[in-house]
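Next come the chains, spelled out residue by residue.
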Amino acid sequence: MKYKKLFLITHFIVGGAVLTLLLSGLRIASQQRDFWLYLDWLLPEGLVHIWHMLAGMFLLVSLPLMLFALYKHRKESAVLKAYNLMGSVLLCLSVITGAAQFIAETTYVTIRFIHYYSAIGLLVFILLHPLRYYLQKPLAHIYHVLVAPFSYVRTYFYLLAIALGSIGLYIFTVSSPTSLEVAFVSDNAFIRIDGNADESVWQDATSISVDTFAGANFYKGTSKVTLKALHNSTETYFFIRWQDPTESLLHLPLVKTEKGWQVKSNGFNRFDETEFYEDKFAVLFSKSCNIAAAATAHLGSKPRYDLPKNVHKKGYHFSNNGVVDLWQWKAVRTNAMYLVDDSFIGEPTKPVIGQARYTAGYQQDSDMGGSYVMNWKWYNENIVTPKRLPKTPFAEPRGYGSWFDYQPFSVKADSFPVGSIINSVLYRSNQLEGGRADVRAHAVYKDGFWNLEVVRKTLANERTDINLSEGVCMWVSAFDHAQIAHTRHIKPLRLHYQL
């Protein structure tokens, strides 16, 4: 074999890259396909997206070299050649569709379908591929695949060249995010935060669209998000419009059963509700433009050894490199307040004994009171005791109730018939107070789209916020009546302020 040294080292790299891609890819797939969570013990944890993309770059660079050495210069039987051809086709399909998603940012359902099922085919191919070798002198073949490549001096030259090419391609790809133009408007330009964006300045603003994917309840898991941005001397405005097939305002309602009141839910007991939940939208800002939401998305049930396991096995958000600003608009809990919930992602907090839900680095900004409360004294998936009761039950309590329009719960007052439904969200004031209320916003739902206007001071008010300035990167995620199962996109947008 004329190119034996090249084949041996590229075969070694391709094998390692494919193994890394399959394991990390199945972990990523488990965010949307719960079946793979049964392999939680086997799949990698942590910054899996980054390892997946890096392995993809190594495969993209080394695979053509391996195929060149294999098919041009190697003699094989017809059966073995056909089998290897099948594996090569699966590899090529996986590489092409993966590159289309990461480098070209293509999110077509067909592309993702081919990428997923070519990976499943590769999994079968890899399990069968070495069988004939193991049945014939297994130790010799293991030596040939794992040790022999490093017995040649030229191997290290090939290895260095492939590593430099792969890492360079990765850095080039992640260092060129799409720009969101933030147009300058006069301080005298009046913009009403009402979700309509009908002022002339919005009509003149440049819009860009982001195809987000892998969310629960959306049509094929996707939602197209369109954004515009403006700024004056002190504030930055965003208009965000996204596809959502339903206006979801039924948030964890309480239903009266023969045994008492119960929270109507489907997954809330593991903090992964996907049915009885409000619509939400999240915007994340960071000085870092790394993928995986500025390297804050750590997948797995225990992505760091010193953190408690999460019951849904899908991971935590936390940052190892400074604060990441997070805004969460909530259709029931904050929209009527004309606010988003200003939060942040930082270092993981220390777990507290008896804590209902541990959220690692995801935390809310300072809270000075106001806000909303959940209408139960202590959550239990079977039976809860409401804090307050309305004067009459509702057939479908969409939205929220007022704390002051409800009466304190008592056995005597609880004369509601079985099947009665009441609100779980009660407003105790008309808005949040403190750092959580730094961002004003309001959205309206129309013709299958949410339309959200947002404004915040350009300069940060708290250490848990960041300045909105040139070069800051942002990510967006839509939630369709889902607690954590949001859509996502791989590479960020970068703010470009026009003067």
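Further up the page is the structure itself.
First, a word on scope: everything that follows refers to the structure included in this document. Please read these numbers as outputs of a predicted model, since none were measured by experiment. (Residues numbered from 1 in each chain as written. Predicted model: local features only at pLDDT ≥ 70, side-chain atom pairs only at ≥ 80, totals over all residues. Heavy atoms only, no water.)

This paragraph deals with unusual backbone geometry. For Ala214, which is not a glycine, the phi torsion comes out positive at approximately 70°. The buried category is assigned to Ala214, whose relative accessible area is 13%. One non-glycine residue, Lys313, adopts positive backbone phi at about 65°. Here Lys313 shows up in the loop between β8 (297-298) and β9 (316-317). Note on Lys313: relative accessible area 32%, which makes it partly exposed. (Buried < 20%, exposed > 50% of the residue type's maximum accessible area, 1.4 Å probe, protein only. Helix = DSSP H or I, 4+ residues; strand = E, 2+ residues; numbered from the N terminus.)

Looking now at the pattern of salt bridges. Enumeration over the complete set of coordinates arrives at 15 salt bridges. The partner of Asp367 in a salt bridge is Arg436, with the nearest N and O atoms 2.8 Å apart. Residue Asp367 is found in the loop between β12 (362-364) and β13 (370-374), and its partner Arg436 is found in the loop between β18 (425-432) and β19 (440-446); the two are separated by 69 residues along the sequence. The exposure class assigned to Asp367 is partly exposed, which follows from its relative accessible area of 40%. On the basis of relative accessible area, Arg436 is assigned to the buried category, the value being 4%. Three or more residues joined by partner-sharing salt bridges are found here, namely Lys330, Asp341, Asp367 and Arg436. (Salt bridge = Lys/Arg side-chain N within 4 Å of Asp/Glu carboxyl O.)

Quick look at the side chain of Asn451 now. Among the structural elements, Asn451 can be located in strand β20 (residues 449-457). On the basis of relative accessible area, Asn451 is assigned to the buried category, the value being 7%. A polar contact is formed between the side chain of Asn451 and the side chain of Arg241, at a distance of 2.8 Å. Residue contacts for Asn451: discarding those within four places in its chain leaves Gly195, Phe239, Ile240, Arg241, His442, Ala443, Val444 and Lys446. (Polar contact = N/O pair within 3.5 Å; in protein donor to acceptor, adjacent residues only side chain to side chain. Contact = heavy atoms within 4.5 Å.)

Note that all results are geometric; they support no functional claim without further evidence.
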